[in-house]
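Working through the structure, step by step
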Amino acid sequence: MRTLFSLAAAALLTLPSSAQIRFEPQPVEAGAEASSFPVQGQPVRVTLDQPTDFVRVVWRPNSAIPDTVTLDSEGSSFLWTPTRAGVATVLTSNGEQNVSVRYSSFPGSGILVLVLAGCILFGGAGFAMGKLLSDDEAPALPLDT
């Protein structure tokens, strides 16, 4: 019985203490279905549990160069259009919540970097394997005594 009470007390203590913030992406075109996650450049309805004094979005939280944007929030629900993709923290006077904003399309520079890294990795491995299996004689090195 004591163990059950301890587990119930621990469960109550681990409940989130911050206010719940809900993000509901809106459809961009009439008749279109909204995505299930926030997307860069598309409107999102932000719903708070209760009205707040301020709403701030911090891009790249916990980094050396975070960007902070203050949103105009009237009431407990408002529209927000994310200007960039990535992890953002939405701060209010009642709490905070992280949200992941996705790219609207594939980022070309990211795919280019991925292809270049693969070429360097597999090209270097192929070069090293070719040198290892070649019939060249080993260079004459002086022996240490």
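See the structure shown above.
**Focus on the overall build of the protein chain**
- For the protein chain, the helix and strand inventory stands at 2 helices and 7 strands.
- Along the protein chain, helices (α) and strands (β) appear in the sequence α-β-β-β-β-β-β-β-α when read from the amino end.
- Of all 145 residues assigned to the protein chain, the portion counted as buried reaches 19%.
- Partitioning the intrachain contacts of the protein chain with sequence separation of at least 6 by distance along the chain shows that 59% fall at a separation of at least 24.
- When the accessible surface of the protein chain is totalled, it reaches about 11000 Å², and 60% of it is carbon and sulfur.

**Brief notes about the nonpolar core**
- Counting 15 residues, the largest nonpolar core has Phe-23, Val-46, Val-57, Phe-78, Trp-80 and Val-90 as the members making the most contacts within it.
- Those residues in contact with Trp-80, other than ones at most four positions away along the chain, are Phe-23, Gln-42, Pro-43, Val-44, Val-46, Val-57, Trp-59, Leu-71, Val-99 and Val-101.

**Quick word on unusual backbone geometry**
- Its identity as a non-glycine residue notwithstanding, Arg-60 has a phi of 55 degrees, on the positive side.
- Following the sequence through the fold, Arg-60 ends up in the loop between strand 3 (55–59) and strand 4 (67–71).

**Description of the pairing of strand 5 (residues 77–80)**
- Only one face of strand 5 is buried: it carries Phe-78 and Trp-80, and the other face, with Ser-77 and Leu-79, is open.
- Two strands pair when backbone bridges link them, and strand 2 (residues 44–48) and strand 5 are joined in this way by 4 bridges, in the antiparallel orientation. Along strand 5, the bridge assignment pairs Arg-45 with Leu-79.

**Let's talk about the side chain of Thr-92**
- Among the structural elements, Thr-92 can be located in strand 6 (residues 86–92).
- Here the side chain of Thr-92 touches Asn-94 through a polar contact of 3.2 Å, landing on its backbone nitrogen.
- Other than its neighbours up to four places away in sequence, Thr-92 contacts Ile-21, Leu-48, Thr-52, Phe-54 and Val-55.

**Some details on the packing of aromatic side chains**
- The tally for this structure, following the rule as stated, stands at 1 aromatic pair.
- Relative to Trp-80, the ring of Trp-59 lies with its centre 6.2 Å away and its plane at 40 degrees, an arrangement referred to as tilted. Of the two residues, Trp-59 is situated in strand 3 and Trp-80 in strand 5; the sequence distance between them amounts to 21 residues. Here the two residues Trp-59 and Trp-80 agree in accessibility, since each one is buried.
- It is Arg-102 that lies over the ring of Phe-37; its NZ or CZ is 4.0 Å from the centre.

What counts and what doesn't
Residues numbered from 1 in each chain as written. Predicted model: local features only at pLDDT ≥ 70, side-chain atom pairs only at ≥ 80, totals over all residues. Heavy atoms only, no water. Helix = DSSP H or I, 4+ residues; strand = E, 2+ residues; numbered from the N terminus. Buried < 20%, exposed > 50% of the residue type's maximum accessible area, 1.4 Å probe, protein only. Contact = heavy atoms within 4.5 Å. Areas by Shrake-Rupley, 256 points an atom, 1.4 Å probe, with all protein chains shown as cover. Core = buried A, V, L, I, M, F, W, Y, C linked by side-chain atoms within 4.5 Å. Pairing = 2+ DSSP bridges. Polar contact = N/O pair within 3.5 Å; in protein donor to acceptor, adjacent residues only side chain to side chain. Phe/Tyr/Trp six-rings, centres within 6.5 Å; stacked < 30°, edge-to-face > 60°. Lys NZ or Arg CZ within 6 Å of the ring centre and 35° of its normal.

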